[in-house]
Amino acid sequence: MLDIAKLAGKIPGISQHFQQEMTASCQRLELAKTILKEAKNRQEELLERYEKWRDRLIFSAAIPMEPLDTRITIVPPPYSHSVFATDGSQISPSHHEIAYCYLINVGRVMLHYGQNLHPLLDSLPEVYYRPEDLYVSRQWGIRTEEWLGYRRTVLEAQFLAEMACGWVKPPGAHHEPNLAMVDGSLVYWFLDGLAHDARDLILFPIQEAWEQLRAARIPLMGYLSASRSVEGVNFLRLHNCTFDTPNCTINCMDFGEEKAPCQVIEPLRDTTLWGESLQPGQRGPFWKSSARILDLYDESQRIYFCYVNVGTEIARVEVPAWVFEDQELLNQALGIMLAQVSKGFGYPVALAESHNQAVIRGGDRIRFFALLEQQMIRVGLQNVGTSYKEARKRGSIA
């Protein structure tokens, strides 16, 4: 087994560097804890400063919706409940294959607890080969490989709503608490750089799917493991500001690449700070994300988030506004989420299983194109085959 400590000792200066970095990190964390306590005492004042000067800030800071020292133990879910989850994978197009096309495979998982109902674990693959599927994104300067990733996000949301809303009251079952989960953030940052027409083709179908969940009163939640967000820490920069007004565009533009006075705890992340105060099973305060892309969302779909100590890590969980504003749905969602993490030994089991259903391995890719080749030959197409490059890669004797 590789002894990292012994190896580090053989590299000149590396042990000293690690020790210095560790000391600096501990000092930043202690300073952040002190700042958090002070900011809590003037939270209303900081919120007023934020509302007044938000257009002049050069950083994105989340808005706390509860006191900064909020620590709430999550209530376990009811014995009977259901969980829905989707995840996607794809086969990217290649000019070296027998056909220029791509495949999106969406894994679906539906788990029922305490209801004597069979689970659903499957995937829905779909092949895209028509010119409007392959080249529509070129008009906006978006590569096909990038576009299929966006399309996959849409399908994940649509299949999730279709599955959850179609099975919210299975035959012979009573109406039980439910939760629809997705892996990752509900804030789609990639939309920010897209053309308006391209953005509408992605965002509108997602919002329609979320609206179906809202109508069925099935809470939606995004689960982020190992989050790198600093939205919560950035709110503390308002407290750290040394100027009379937090007008970044005037006060701090001269700093250039140097850190501004308010960045004394950078690069501390939200998860590190809240990991110091949350006990297993507890959540911190809820925040309203102020990401610029959320201006495109419907008001009821704006994203709120909190940090939860799930036992193995500090996870970031996100919900739309309509879930946050419904206390019953919010508590239901958090309780089911925590139970899913427990059943999955550190990660929600429904999300893990939906990934396993969706993932496409190397052997699956080969079998897909072999099946496609058989079908093309069966319908009478001539000269079906891969490029010489692909053929040599598959049959190399080296």
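Below you will find a few notes about this structure.

Rules used in this analysis
Residues numbered from 1 in each chain as written. Predicted model: local features only at pLDDT ≥ 70, side-chain atom pairs only at ≥ 80, totals over all residues. Heavy atoms only, no water. 1 Å grid on protein atoms, 1.4 Å probe; cavity = no way out; pocket = protein on both sides within 12 Å on 5 of 7 lines; lining within 4 Å. Points joined across faces, edges and corners; volume = space filled by probe spheres on them. Nonpolar A, V, L, I, M, F, W, Y, C, P; charged D, E, K, R; others polar. Helix = DSSP H or I, 4+ residues; strand = E, 2+ residues; numbered from the N terminus. Buried < 20%, exposed > 50% of the residue type's maximum accessible area, 1.4 Å probe, protein only. Lys, Arg positive; Asp, Glu negative; His and termini not counted. Salt bridge = Lys/Arg side-chain N within 4 Å of Asp/Glu carboxyl O. Polar contact = N/O pair within 3.5 Å; in protein donor to acceptor, adjacent residues only side chain to side chain. Contact = heavy atoms within 4.5 Å. Expected span 1.5 Å × (residues − 1). Pairing = 2+ DSSP bridges.

### Let's talk about empty space enclosed by the protein
Counted by the stated rule, this structure contains one cavity of 30 Å³ or more. Of the volumes computed, that of the largest cavity is approximately 70 Å³. If you trace the largest cavity, you find it lined by L57, F59, R237, L238, C241, T242, F243, P246, C248, C252, P261 and C262. A breakdown of the residues in the lining of the largest cavity according to their chemical character gives 10 nonpolar, one polar and one charged.

### A closer look at the side chain of D87
Turning to its location among the elements, D87 is positioned in strand β3 (residues 81-91). No salt bridge is formed by the buried D87. Its closest oppositely charged neighbour is R152, at 5.3 Å. A distance of 3.5 Å separates polar atoms of two side chains, one belonging to D87 and the other to H355. In this structure D87 touches N105, V106, G107, E156, D183, S354, H355 and A358, once residues within four positions along its chain are discounted.

### What about helix α11 (residues 327-343)?
Across its 17 residues, α11 extends 24 Å between first and last C-alpha, which sits within 8% of the 24 Å expected from 1.5 Å per residue. Burial of α11 is extensive: 12 of the 17 residues sit out of reach of the surface. Within α11 the residues assigned to the buried category are L329, L330, Q332, A333, L334, G335, I336, M337, L338, A339, Q340 and V341. Taking the backbone nitrogen of E328 as reference, a side-chain oxygen 3.2 Å away marks D326 as the first, capping residue of α11. The first or second residue beyond α11 is F345, which carries a positive phi of 55°.

### As for the layout of surface pockets
Considered as a void within the structure, the largest pocket measures approximately 320 Å³ in volume. Lining the largest pocket are 17 residues; nearest its centre among them are Y50, R54, S290, A291 and R292. The class makeup of the residues in the lining of the largest pocket is seven nonpolar, three polar and seven charged.

### Some points on the pairing of β3
When a strand is regular, its side chains alternate between the sheet's two faces. With respect to burial, β3 is a largely interior element, 10 of its 11 residues being buried. In this sheet, strand β4 (residues 102-113) lies alongside β3 in antiparallel orientation, the contact comprising 11 bridges. Residue pairing for β4: F84 is matched across the bridge by M110. Across five bridges, β3 lies against strand β6 (residues 178-183) in parallel orientation. Within β6, the position partnered with T86 by the bridge is V182.

### Quick look at the pattern of salt bridges
Across all of its chains, the model carries 18 salt bridges by this definition. When the shortest N-O distance is used, the salt bridge between K33 and E30 registers 3.5 Å. You can see K33 and its partner E30 sitting in helix α2 (residues 14-41), three residues apart, about one turn around the helix. For E30, a relative accessible area of 46% puts it in the partly exposed group. With a closest N to O distance of 2.7 Å, R292 and D192 form a salt bridge.

Shape descriptors only; they carry no functional weight alone.
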